[in-house]
Amino acid sequence: MDKNTDYDALVIGAGFSGIATLHYFREAGFSTVVVDKEAEVGGTWWVNRYPGVRTDSEYPYYSFSFSKEVREEWNWSERYPTGKEVLEYLKFVVDRLDMRKHMMFNTKVEKAVYNESDKVWEVTLSTGKTLRVSYLVSGMGVLSKPIWPDIPGRETFKGTLLHTAMWPSEGFDLAGKRVGLIGLGSSGLQITPTIAPVVDHLTVFQRTPNFVVDATLSKTTPEELAHVKETYDEIWERAAAHPFGVDMVPAQYSAKEVSEEERDRIFESKWKAGGFHFANECFNDLATDHESAELASEFIRKKIRETVTDPETAELLCPKDYSFNGKRVPTVAGYYDTYNRPNVKLVDVKSTPITEFTEKGVRVGDTEYELDVIICATGFDAMTGNLTKLDIVGRGGKVLREKFAEGLIGGNLGISYNGFPNFLVALGPQTPYSNLPVPIQLGAQWMAEALSYARDNGIDELEATTESEQWWAEEVDRAGKSTVMFEQGKKAKAWFLGDNVPGKPQQFQVYMGGGQVYQDFCRQAKEDNYRSFRAPELVNA
Ligand code: NAP
């Protein structure tokens, strides 16, 4: 066996996951290089630069807790930071903690092959170089393979075609343009109220309406920032213990066990609190009981009808085919008000779909909409797309995408796959449905501890056992099916079931059992000396 490695670990991606992994690996004494195809750190925040992009979680738990220096010195300016501010934050973290020297930019990982006899990963880069490393970590993110709409003729359009997840780095001036928007998930919903006042005319092509919770935007104050800094450890602890990774106290009551008046009062107060407060703090069963989810749906429909002055538009905006939580909850400030603007038109493309892109715009039935710019906010091949697009070649020449085609997309705990030793995934498929910085940081810490254990105990290879993969697949399925997300998600064609990508097998892409339950499983694996991550022949060693 010739180890002869360039680094202990190579991490693909310099977003939240790559940065957290580098931090914990460096702390554990592993020489680590982070490789990113883009020109800067940021990952999702580097590529999603569309107007209006911002976090939909509040800043205290949309950040790392691991560095006291960063916590003390960085000051967020808004409750829901803009994408630009999140990017600045990540650059600050990297510079403050002197991480750039471990990073390579403008460099794509082309292929990674496990050399079984030397027990190393050979990673070919776009520079032509091949690096040999003991551990390969994917920090490629969960929503990082954008998809275009399944509509013919995209190349015939003579105007400007944009995708929210591939926004030009120099920006794009939409002022005075006739703009068409396709896609109303979180991305399209955020862009709508931001560009409406700027463009000449905005045509929104809606296939499935969404339940949009109002976000209450505000600036931070020095007093509030000081308080957050003082109590940061408690904030982080509460977020880590919350099923959705947010600093919120889980609600105690079912929506069905209070009077109608009391229910309305609670819905109203949490609607005013904004954002995920509505989804998480009203009642304890909006994600698990169909009737309760429908009560929340009806409350939002009432809000839509109260806000949107044209009754026909209001009805089109009300989701009627599925209930709240059937799609990932979007939180956006002033979305519904936008439809009261004279330069904004909603076009229903559910009853009559967009049939083609034309030279001048798009055709919907017999009508051609002439546009200068078409923005596609049509989402991602979520969770698995980034891993299947790359050749990750494990034992016996098996490629990871072949394994995914067999159905075991989550391996063990979404971290490791049988047949792919010493390959670990940060925020892999079937990890928690959550505010993401929390599982990212906890996951990076867990990986560093697991590898330290292996190093200190002479274990050459960490690799999920086949039994653990089977167990995790069953647990993911069980947990998902005990929520409303399964039935409602199917109706809504949600990405968390893979239903937004034609031909993708329907399967939970995320773990719906809650972040704290997931963390307990990770803790148990650690207490059990990572046995479920040790190939059978090594378990008894
Ligand atoms: P998405 O939720 O998958 O939404 C894609 C949209 O494109 C849907 O409205 C879909 O309609 C529409 N679409 C696709 N093909 C179409 C066609 N042929 N005709 C008409 N409409 C079509 O994607 P996303 O908005 O990018 O969001 C994905 C996830 O990214 C979010 O759920 C969230 O987790 C994350 N995200 C987070 C933030 C944030 O934190 N601030 C911001 C943006 C995104 P149907 O529903 O009918 O399929």
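Up top is the structure these notes are about.
Note that the coordinates shown come from a computational prediction; the quantities given were computed from them, not determined experimentally.

The next subject is the packing of helix α7 (residues 232–241) against helix α14 (residues 437–456). Taken N-terminus to C-terminus, the directions of α7 and α14 make an angle of 95 degrees; their axes are 10 Å apart at the nearest point. Accordingly, the angle class assigned to the pair α7 and α14 is roughly perpendicular. The segment α7 lies against α14, with Trp 236, Ala 239 and Ala 240 engaging Pro 437, Val 438, Gln 441 and Leu 442. Split by residue class, the contact of α7 with α14 holds six nonpolar, one polar and no charged.

If you look at the biggest cluster of nonpolar residues, it comprises 135 residues, and the most contacted ones within it are Met 103, Phe 278, Ile 300, Phe 324 and Ile 375. Take this core: its biggest share by element is 10 residues, from α14. For Phe 324, the residues in contact, after removing those within four places along its chain, are Phe 211, Val 213, Phe 278, Ala 279, Leu 286, Ala 293, Ala 296, Ser 297, Ile 300, Val 329 and Val 484. Membership of the second largest hydrophobic core comes to 24 residues, among which are Val 33, Ala 112, Met 140 and Tyr 417.

What follows covers the sheet that holds strand β13 (residues 354–357). Spatially, β13-β14-β15 is the arrangement adopted by the three strands of the open sheet, whose pairing is antiparallel. Strand pairing shows two members of the sheet lacking a second neighbour, β13 and β15 (367–370), which therefore form its edges. Here the average twist between neighbouring strands, direction ignored, is 25 degrees. Taken together, the four bridges between strand β14 (residues 361–364) and β15 define a ladder with antiparallel strand orientation. Of the residues in β15, the one forming a bridge with Arg 363 is Glu 368.

All right, on to helix α5 (residues 186–195) then. The buried fraction of α5 is high, at eight of 10 residues. Turning to α5, the residues buried within the fold contact β8 (178–182), β9 (201–206), β11 (331–332) and β16 (373–376).

Space inside the second largest pocket adds up to approximately 610 Å³. Around the second largest pocket sit 29 residues that line it, and Pro 243, Phe 244, Asn 280, Ala 287 and Met 485 are the ones nearest its centre. Elements that contribute at least two residues to the lining of the second largest pocket include exactly α9 (276–281) and α15 (466–481). Examining the composition of the lining of the second largest pocket, we find that three residues originate from one element, α9, more than from any other. Of the residues that constitute the lining of the second largest pocket, the class distribution is 15 nonpolar, 10 polar and four charged.

The full count for this structure, using the stated rule, is four cavities of 30 Å³ or more. Of the volumes computed, that of the largest cavity is approximately 140 Å³. Sort the elements by how many residues they give to the lining of the largest cavity and helix α6 (residues 222–230) lands first, with three residues. Classifying every residue of the lining of the largest cavity by side-chain character gives 10 nonpolar, two polar and two charged. Space inside the second largest cavity adds up to approximately 110 Å³.

A few words on the environment of Thr 483. Along the polypeptide, Thr 483 turns up in the loop between α15 and α16 (485–492). You can call Thr 483 buried: its relative accessible area is 10%. Counting along the chain gives 335 residues from Thr 483 to Trp 148, while the straight-line C-alpha distance between them is 29 Å. Filtering out sequence-adjacent residues up to four positions away, Thr 483 remains in contact with Ala 287, Thr 288 and Met 512. A distance of 2.7 Å separates a polar side-chain atom of Thr 483 from the backbone oxygen of Gly 480.

Moving on, we come to the site of the ligand. Around the ligand sit 23 residues, and of these Arg 54, Ser 187, Thr 208, Lys 327 and Trp 495 come closest. With respect to the ligand, the side chain of Ser 187 contributes an N or O atom lying 2.7 Å from an oxygen atom. Alone, the ligand offers 910 Å² of accessible surface; in the complex the protein occludes 88% of this. With three residues, α5 is the largest single contributor of residues to the shell around the ligand. When its residues are assigned to classes, the shell around the ligand shows nine nonpolar, nine polar and five charged.

A word on the packing of aromatic side chains. Per the counting criterion, the structure on display carries 43 aromatic pairs. Each ring, one from Tyr 511 and one from Tyr 518, has its centre 6.4 Å from the other, and the planes form 50 degrees; the classification is tilted. Under the relative-accessibility criterion, Tyr 511 is labelled buried at 1%. One aromatic cluster is present, built from ring pairs that chain together Phe 16, Tyr 24, Trp 45, Tyr 59, Tyr 62, Phe 64, Phe 66, Trp 74, Trp 76, Tyr 89 and Phe 92.

Cut-offs used in this document
- Residues numbered from 1 in each chain as written.
- Predicted model: local features only at pLDDT ≥ 70, side-chain atom pairs only at ≥ 80, totals over all residues.
- Heavy atoms only, no water.
- Axes fitted to C-alpha atoms, helices over the stretch in contact; angles between N-to-C directions.
- Helix = DSSP H or I, 4+ residues; strand = E, 2+ residues; numbered from the N terminus.
- Parallel < 35°, antiparallel > 145°, perpendicular 65-115°, else oblique.
- Contact = heavy atoms within 4.5 Å.
- Nonpolar A, V, L, I, M, F, W, Y, C, P; charged D, E, K, R; others polar.
- Core = buried A, V, L, I, M, F, W, Y, C linked by side-chain atoms within 4.5 Å.
- Buried < 20%, exposed > 50% of the residue type's maximum accessible area, 1.4 Å probe, protein only.
- Pairing = 2+ DSSP bridges.
- 1 Å grid on protein atoms, 1.4 Å probe; cavity = no way out; pocket = protein on both sides within 12 Å on 5 of 7 lines; lining within 4 Å.
- Points joined across faces, edges and corners; volume = space filled by probe spheres on them.
- Polar contact = N/O pair within 3.5 Å; in protein donor to acceptor, adjacent residues only side chain to side chain.
- Near = heavy atom within 4 Å.
- Areas by Shrake-Rupley, 256 points an atom, 1.4 Å probe, with all protein chains shown as cover.
- Phe/Tyr/Trp six-rings, centres within 6.5 Å; stacked < 30°, edge-to-face > 60°.

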